[in-house]
Amino acid sequence: MKNLESLNAEIIACRKCPRLVEWREDVARVKRKAYLEHEYWGRPVPGFGDPKARVLVVGLAPGAHGSNRTGRNFTGDASGGFLFPALHRAGFASQAEAESRDDGLFLTDMYITASGRCAPPDNKPTLEELNNCQPYLEQELKILEPKVIVCLGRIAFERILKIHSIRNSIYKFGHGASYQLENGTWLLCSYHPSQQNTSTGKLTIPMFDQIWERARSLLNETH
Ligand code: SF4
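Residues numbered from 1 in each chain as written. Predicted model: local features only at pLDDT ≥ 70, side-chain atom pairs only at ≥ 80, totals over all residues. Heavy atoms only, no water.

**Describing the site of the ligand**
The local shell around the ligand consists of Cys-14, Lys-16, Cys-17, Leu-20, Pro-44, Arg-117, Cys-118, Asn-132, Cys-133 and Tyr-136. Put simply, the ligand lies in the largest cavity. Sort the elements by how many residues they give to the shell around the ligand and helix α5 (residues 127-144) lands first, with 3 residues. Taken together, the residues that form the shell around the ligand break down as 7 nonpolar, 1 polar and 2 charged. (Near = heavy atom within 4 Å. 1 Å grid on protein atoms, 1.4 Å probe; cavity = no way out; pocket = protein on both sides within 12 Å on 5 of 7 lines; lining within 4 Å. Sits in = over half its atoms within 2 Å of the grid points. Helix = DSSP H or I, 4+ residues; strand = E, 2+ residues; numbered from the N terminus. Nonpolar A, V, L, I, M, F, W, Y, C, P; charged D, E, K, R; others polar.)

**As for the nonpolar core**
In terms of nonpolar packing, the biggest core is built from 28 residues, with Leu-83, Phe-84, Leu-87, Met-110, Ile-112, Val-150 and Trp-212 touching the most fellow members. Elements with a contribution of two residues or more to this core: β2 (55-59), α4 (78-89), β3 (110-114), β4 (148-152), β6 (186-190) and α8 (205-219). Ranked by residues supplied to this core, first place goes to α8 with 6 residues. (Core = buried A, V, L, I, M, F, W, Y, C linked by side-chain atoms within 4.5 Å. Buried < 20%, exposed > 50% of the residue type's maximum accessible area, 1.4 Å probe, protein only.)

**Section: empty space enclosed by the protein**
The tally for this structure, following the rule as stated, stands at 1 cavity of 30 Å³ or more. Here the largest cavity is characterised by a volume of approximately 130 Å³. Per-element tally for the lining of the largest cavity: the top contributor is α5, with 5 residues. (Points joined across faces, edges and corners; volume = space filled by probe spheres on them.)

**Describing the pattern of salt bridges**
Applying the stated criterion to the full structure yields 9 salt bridges. Here Glu-25 makes a salt bridge to Arg-24, at a shortest N to O gap of 3.7 Å. We classify Glu-25 as partly exposed; its relative accessible area is 25%. For Arg-24, a relative accessible area of 2% gives the class buried. Measuring nitrogen to oxygen at the nearest pair gives 3.7 Å for the salt bridge that ties Glu-221 to Arg-214. On the basis of relative accessibility, which here comes to 27%, the residue Arg-214 falls in the partly exposed class. Here the salt bridges share partners, and the residues they tie into one network are Arg-15, Arg-24 and Glu-25. (Salt bridge = Lys/Arg side-chain N within 4 Å of Asp/Glu carboxyl O.)

**A closer look at the pairing of β4**
Of all 5 residues making up β4, 5 are buried, and the element is well covered by its neighbours. What you see with β4 is no split at all: Val-148, Val-150 and Leu-152 on one side and Ile-149 and Cys-151 on the other are buried throughout. Judged from the 4 bridges that link them, β2 and β4 form a sheet pairing that is parallel. Bridged to Val-57 within β4 is Val-150. When β4 meets β6, the two strands line up parallel, connected through 5 bridges. (Pairing = 2+ DSSP bridges.)

**Things to note about helix α2 (residues 18-30)**
The terminal C-alpha atoms of α2, which comprises 13 residues, lie 18 Å apart, in line with the 18 Å expected from a rise of 1.5 Å per residue. Residues of α2 that are buried: Leu-20, Val-21, Arg-24, Val-27 and Ala-28. Along α2, the residues classed as buried sweep out an arc of 140° about the axis, all on the same side. Exposed residues pointing more than 90 degrees away from the buried face of α2 are listed as Pro-18, Glu-22, Arg-29 and Val-30. For α2, the secondary structure elements touched by its buried residues are α3 (67-70) and α5. After α2 finishes, the residue Lys-31 shows a positive phi value of roughly 70°. (Expected span 1.5 Å × (residues − 1). Arc of directions from axis to C-beta. Contact = heavy atoms within 4.5 Å.)

Set out below in structure tokens:
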């Protein structure tokens, strides 16, 4: 079995999805006006965090000017600006700020990954692209054997169900919903901390804090 380091090297070099390769590299070349001085990452974004993590967080895909720019999940955009303060309050993140790969942030007992590793146009990877990327998530699951998987958004939840061959008519996505799989792993659902959800109040700070409290309490309920 691969380790996280060799898996991440493989992910970073991946060019399986032509549409996404073109998009991520175009965005990195053209840049957003506010980031003209930045050197964009422009490649697949690997997972990051504690290699001994018991909690795996699964997001959707990199933001064009967030992690496609910084090279670290949820780093440098509004979603991360909502996520990391919550993880810091919950004791999983060493700091609330996440601006770049070398900002000193580290995670304890948590690893953050995504359903798709390349920034998609309109934040929408196709089914084929998600299928192409799924083996990387499967390998992370095998390596980490997490006790709790927090799915940020429906797409992450459905991807985890697919990997476990579970029909989603049985398990429903809903903020705060949790299910224990046959192997004892807990799935915990949360709305994605996208700007669309947080600016409209669909996802509030107290609602999000409850997710991380629940993730901690589920760690004590695994067997
Ligand atoms: S989305 Fe995944 S499978 Fe597709 S090119 Fe990026 S890393 Fe490779």
